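# Structure assessment
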Amino acid sequence: MKINGVAIDDTFAEAFTMRVARIVITGRNPKWAREAAVKMTGFATSVIGCKCEAGIERELPAAETPDGRPGVSVLFLTMDKESLPQQLVVRLGQTVLTCPTTACFDGLPSVPDRLAVGKALRVFGDGFQASKVIGGKRYWRIPVMEGEFLIEETFGMQKGVGGGNFLILAEDADHGLEAAEAAVEAMTNQPGVILPFPGGVVRSGSKVGSKRYKSMIATTNDAFSPTLRAVTATQVPEGVNSVLEIVLDGTDGPCIEAAMRLGIRAACRPGVRAISAGNYGGKLGPHHFHLRKILA
Amino acid sequence: MSDTIVLSLRQAPDHALLADCIAPDRFAALTAKEIASLGVFHGGRAARLGDFFKVTGERSSNVRLEGDLGRVQGIGTGTTGGDMLIDGSSGRDLGVAMAGGRIEVRGSTGDNVGGARPGATKGMTGGEIVIRGSAGDDAGVRMRRGLLVILGNGGRGTGRAMIAGTIVLFGKTGSGAGRFLKRGTIVALEAMERPATYRYACTYRPPHVAVLLRYLRARSGVPVSDRHITGRYERYSGDLAELGKGEILQWAGE
């Protein structure tokens, strides 16, 4: 299979079940909503080192937010049920509560599994906090020096998907980066999907474990590292000198598939030899995104 | 089962008609005949609801009342759920001791809306009451939770001795509003007379008011203007003669 002359490998991306929450952050203007969202999603690229993965899903117009102000929707994922509320309380408390003019709302209101995040953060109010029930939802008003921080008492948690991916195998680093940027642009603002890595792109894809260091849970993906072509069981084809990975997390498989479809098509451009994907032989993750099936 | 139960007033009461049996959650399990046979008091004498109302529909928690109900008292007493629309005005004690559900009144109401039963320590403990006209005296007295919205004017003692909850006042209000309030919020979109035992805190944009007013606009079609949603409010803490954890939020402009 080829798209614009770019070969699509007959392989699949292997992804994992994670737990996801959607956080809606609003602010006086888009700048302040985004400031909080950027801080909240900082250092949240991979559960390997950050214990969570997070990213901006999309910017929200004022008409789509509960308080009628501009907002940003963030997806926040962890590997298990227990760590999601822990990570959220810490992150929201340090990055959104502290950010001028922001308020924080649940973006998964119909999900039955609830996390008492606002309820935990309310105690910052030191007894001066107050709650309001509006439309059946409880909100906490926490007095702060600027005025008041408003946060919903609970946030929905559901199963999500982490680790959707595809690899861009390019003739050189410049063409690889151009293709990756085009893919990211095509996938930006797709509902239910985030790209948690810097600019949406990973240059250091990893394999599980280490060939040499027992303490390492992940090390460089030597099979796709062009500089190691001569000394490893390489998967880098002839003529490929740079490989970049796009990692996608999302609320469900269909969202990931839809975004991958857009991203891969955008990445198929001059200077790219092939599109591949990372997997572990299908033994670790229950979600398999077959590239050719997605693009058919 | 019907979509809506309609109670049409066919005989205007000569005296006060105590009809505290009218509540949408109670009607949800009753046939039209059973609803019509519920007991009321007319001028202190026992009668049946069907003596005054024509009942159409059955087994529904959506209820609509038609006619001039200015003499009908206690509508929605103790309601715990469902939705009730009064297509006109209502007498006193509407939604007394209400715990859930929603009541909307297209006209005005008498005294003690959402208030407490005689001798009770708590008024309404949940649910929503939206009055498109004006309310009589003592609306929301000893209210513990819930939302009371008055698009017209409030009477004397609105929100008196509130324990918690929220009252939104679009119009003016009589004296004594918010007196002895422990917690809770009175959002006043017009200038209101405050008890001397309230103290000014600051002028700011309370974020929950925007959420609340937008909710009212979307849920009940309340004509909230943008300047009230995005505007600044003066916060007065009180009643300092009581617990002092409550507030009057007085709209102060854009």
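Residues numbered from 1 in each chain as written. Chains lettered and ligands numbered in written order. Predicted model: local features only at pLDDT ≥ 70, side-chain atom pairs only at ≥ 80, totals over all residues.

This paragraph deals with the overall build of chain B. The helix and strand tally for chain B stands at four helices and 16 strands. Here the C-alpha radius of gyration of chain B, 18 Å, is about what a compact globule of 254 residues would show, namely 18 Å. In chain B, which comprises 254 residues, the proportion classed as buried is 54%. (Helix = DSSP H or I, 4+ residues; strand = E, 2+ residues; numbered from the N terminus. Rg over C-alpha atoms; globule rule 2.2 N^0.38 Å. Buried ≥ 20, exposed ≤ 12 C-beta atoms within 10 Å, placed from the backbone.)

Time to look at the packing of helix 1 (residues 30–40) of chain A against helix 3 (residues 83–96) of chain A. Residues and elements named next belong to chain A. Orientation of helix 1 relative to helix 3, taken along the N-to-C sense of each, is 140°, at an axis distance of 9 Å. Between helix 1 and helix 3, the crossing angle belongs to the class labelled oblique. Our pair here, helix 1 against helix 3, has a crossing hand that is right-handed. Along its contact with helix 1, which presents Ala36, Lys39 and Met40, the element helix 3 presents Arg91, Leu92, Thr95 and Val96. (Axes fitted to C-alpha atoms, helices over the stretch in contact; angles between N-to-C directions. Parallel < 35°, antiparallel > 145°, perpendicular 65-115°, else oblique. Left-handed = near helix turned anticlockwise from the far one by under 90°. Contact = placed C-beta atoms within 7 Å.)

We now examine the packing of helix 5 (residues 173–187) of chain A against helix 6 (residues 253–267) of chain A. Residues and elements named next belong to chain A. Viewed as axis vectors pointing N to C, helix 5 and helix 6 meet at an angle of 145°, and their least axial separation amounts to 7 Å. Here helix 5 and helix 6 pass one another in a crossing that is right-handed. On helix 6, the residues touching Ala179, Ala180, Ala182, Ala183, Glu185, Ala186 and Met187 of helix 5 are Ala259, Leu262, Gly263, Ile264, Ala266 and Ala267. Tallied by class, the residues present in the contact of helix 5 with helix 6 amount to 11 nonpolar, one polar and one charged. (Nonpolar A, V, L, I, M, F, W, Y, C, P; charged D, E, K, R; others polar.)

This part is about the sheet that holds strand 3 (residues 39–42) of chain B. All names here are of chain B. Pairing is mixed across the open sheet formed by four strands, whose spatial order is 4-3-2-7. In this open sheet, the two edge strands, each paired with only one partner strand, are strand 4 (45–48) and strand 7 (72–73). As judged from the four bridges shared by strand 3 and strand 4, these two strands associate in the antiparallel manner. Residue pairing across strands places Val40 opposite Ala47, the latter belonging to strand 4. (Pairing = 2+ DSSP bridges.)

Residue and element names in this part refer to chain B. Tracing the sequence through the fold places Asp83 in strand 8 (residues 83–87). The partly exposed category is assigned to Asp83, around which 18 C-beta atoms lie within 10 Å. A sequence separation of 28 residues divides Asp83 from Asp111, and the C-alpha atoms of the two residues are 21 Å apart.

Residue and element names in this part refer to chain A. Under the domain assignment, chain A is made up of domain 1 (2–14 + 161–295) and domain 2 (18–158). Each of domain 1 and domain 2 has a C-alpha centre, and these two points are 30 Å apart. Going through the elements one at a time, strand 12 (158–170) and strand 13 (193–194) are the ones with two or more residues in the side of domain 1 that touches domain 2. The residue makeup of the side of domain 1 that touches domain 2, split by class, is nine nonpolar, three polar and one charged. (Domains from an automatic or database assignment.)

Here we take up helix 5 of chain A. In an α-helix there are 3.6 residues to a turn, and that puts residues three or four apart on one side. All names here are of chain A. Here helix 5 contains 15 residues, and its C-alpha end-to-end distance of 21 Å stays within 8% of the 21 Å for a straight helix at 1.5 Å per residue. The complete set of buried residues in helix 5 reads Gly176, Ala179, Ala180, Ala183 and Met187. Take helix 5 and look down its axis: the buried residues cluster within an arc of 100°, on one side only. Of the residues trailing helix 5, Asn189 is marked for its positive phi of about 70°. (Expected span 1.5 Å × (residues − 1). Arc of directions from axis to C-beta.)

Our focus in this paragraph is the sheet that holds strand 5 (residues 53–56) of chain B. Adjacent strands of a sheet pair through backbone hydrogen bonds, lying either parallel or antiparallel. All names here are of chain B. One open sheet holds the 12 strands; their spatial order is 5-1-6-8-9-10-11-12-13-16-15-14, and the pairing between them is mixed. Lying at the two open borders of the sheet, with one neighbouring strand each, are strand 5 and strand 14 (199–204). Within the sheet, the average angular offset between the axes of one strand and its neighbour, ignoring direction, is 15°. As defined by bridge partners, strand 10 (residues 125–131) adjoins strand 11 (residues 145–150) across five bridges and the pair is classed as parallel. Its bridge partner lying in strand 11, Glu128 is registered against Leu147.

On the side of chain B, 14 residues touch chain A, which itself brings 13 residues to the contact. Elements supplying a minimum of two residues to the side of chain A that touches chain B: strand 8 (130–134), strand 9 (137–144) and strand 10 (147–152) of chain A. The class makeup of the residues in the side of chain A that touches chain B is six nonpolar, three polar and four charged.

The next subject is unusual backbone geometry. Cis geometry marks the peptide bond from Gly238 of chain B to Asp239 of chain B; its omega dihedral reads -10°. With respect to the element layout, Asp239 of chain B can be found in the loop between strand 15 (233–238) and strand 16 (246–251). The phi dihedral of Phe43 of chain A is positive, around 45°, even though this residue is not glycine. Note that Phe43 of chain A resides in the loop between helix 1 and helix 2 (47–50). Located in the positive-phi region is Ala97 of chain B, a residue other than glycine, with phi close to 55°. As for its position among the elements, Ala97 of chain B is in the loop between strand 8 and strand 9 (102–105). A tally of 23 C-beta atoms within 10 Å means that Ala97 of chain B is categorised as buried.

Right, let's get into the confidence of the model for chain B. Mean pLDDT over chain B works out to 97, with 100% of the residues at or above the 70 mark. Scoring the predicted complex yields pTM 0.94 and, for the interface, ipTM 0.94. (pLDDT = per-residue confidence, 0-100.)

Residue and element names in this part refer to chain B. Assigned domains of chain B: these are domain 1 (1–73) and domain 2 (74–251). Computed from C-alpha atoms alone, the centre-to-centre distance between domain 1 and domain 2 is 26 Å. In terms of residues, the side of domain 1 that touches domain 2 owes the most to one element, strand 6 (residues 62–66), which gives five residues.

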